[in-house]
Amino acid sequence: MLNDEICKLRDKLNKSIEQGNDYKETYKLSVELDELIAKYYRDLNSGKKKLVWI
């Protein structure tokens, strides 16, 4: 489920920030998360999904 993927990636991003990982890695995770969130809302707007709080 897309919502689960978003939550997992968000946790991974948060850990990367907390641990002070390399900026490039943190940025990559952030971009991936943005893309998943955009896909979630595209699917939502096309009527494929119901809104689920993430």
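Presented here is a report on the structure given in the accompanying data block. (Residues numbered from 1 in each chain as written. Predicted model: local features only at pLDDT ≥ 70, side-chain atom pairs only at ≥ 80, totals over all residues. Heavy atoms only, no water.)

## Focus: the packing of aromatic side chains
Short version of the rule: Pairing of aromatic rings covers Phe, Tyr and Trp, the last through its six-membered ring, and needs centres within 6.5 Å; plane angles under 30 degrees mean stacked, over 60 mean edge-to-face, and all others mean tilted. Here a strand is any run of E in DSSP of at least two residues, a helix any run of H or I of at least four, and the numbering for each starts at the N terminus. Each residue is assigned to one of three classes by its accessible area relative to the maximum for its type, calculated with a 1.4 Å probe on protein chains only: buried under 20%, partly exposed between the two thresholds, exposed over 50%.
In total, this model carries two aromatic pairs according to the counting rule given. Ring plane angle 25° and centroid distance 6.0 Å describe the contact between Tyr23 and Tyr27, whose orientation is recorded as stacked. Of the two residues, Tyr23 and Tyr27 both sit in helix 2 (residues 23-45), four residues apart, roughly one turn of that helix. Using a relative accessible area of 63% as the deciding quantity, one classes Tyr23 as exposed. Relative to Tyr41, the ring of Tyr40 lies with its centre 5.3 Å away and its plane at 85°, an arrangement referred to as edge-to-face.

## Regarding the packing of helix 1 (residues 2-18) against helix 2
Which entries qualify depends on this criterion: Under this scheme, a helix contributes an axis fitted over its contacting stretch, all axes are lines through C-alpha atoms, and angles between N-to-C directions fall in the 0 to 180 degree range. For classification, angles of less than 35 degrees are called roughly parallel, those exceeding 145 degrees roughly antiparallel, those between 65 and 115 degrees roughly perpendicular, and all remaining angles oblique. Each crossing gets its hand from how the near helix is turned against the far one by less than a right angle, where anticlockwise is left-handed and clockwise is right-handed. Any two residues whose heavy atoms approach within 4.5 Å at even a single point are treated as in contact. Lys, Arg, Asp and Glu make up the charged group, whereas Ala, Val, Leu, Ile, Met, Phe, Trp, Tyr, Cys and Pro make up the nonpolar group; the residues left over, Gly among them, are polar.
Running from amino to carboxyl end, helix 1 crosses helix 2 at an angle of 160°, the nearest separation of the two axes being 9 Å. Judged on the interaxial angle alone, helix 2 and helix 1 are roughly antiparallel. Considering the relative orientation of helix 1 and helix 2, their crossing is left-handed. Here Leu2, Glu5, Ile6, Leu9, Arg10, Lys12, Leu13, Ser16 and Ile17 of helix 1 come into contact with helix 2, specifically with Glu25, Thr26, Leu29, Ser30, Glu32, Leu33, Leu36, Ile37, Lys39, Tyr40 and Asp43. Here the residues of the contact of helix 1 with helix 2 sort into ten nonpolar, three polar and seven charged.

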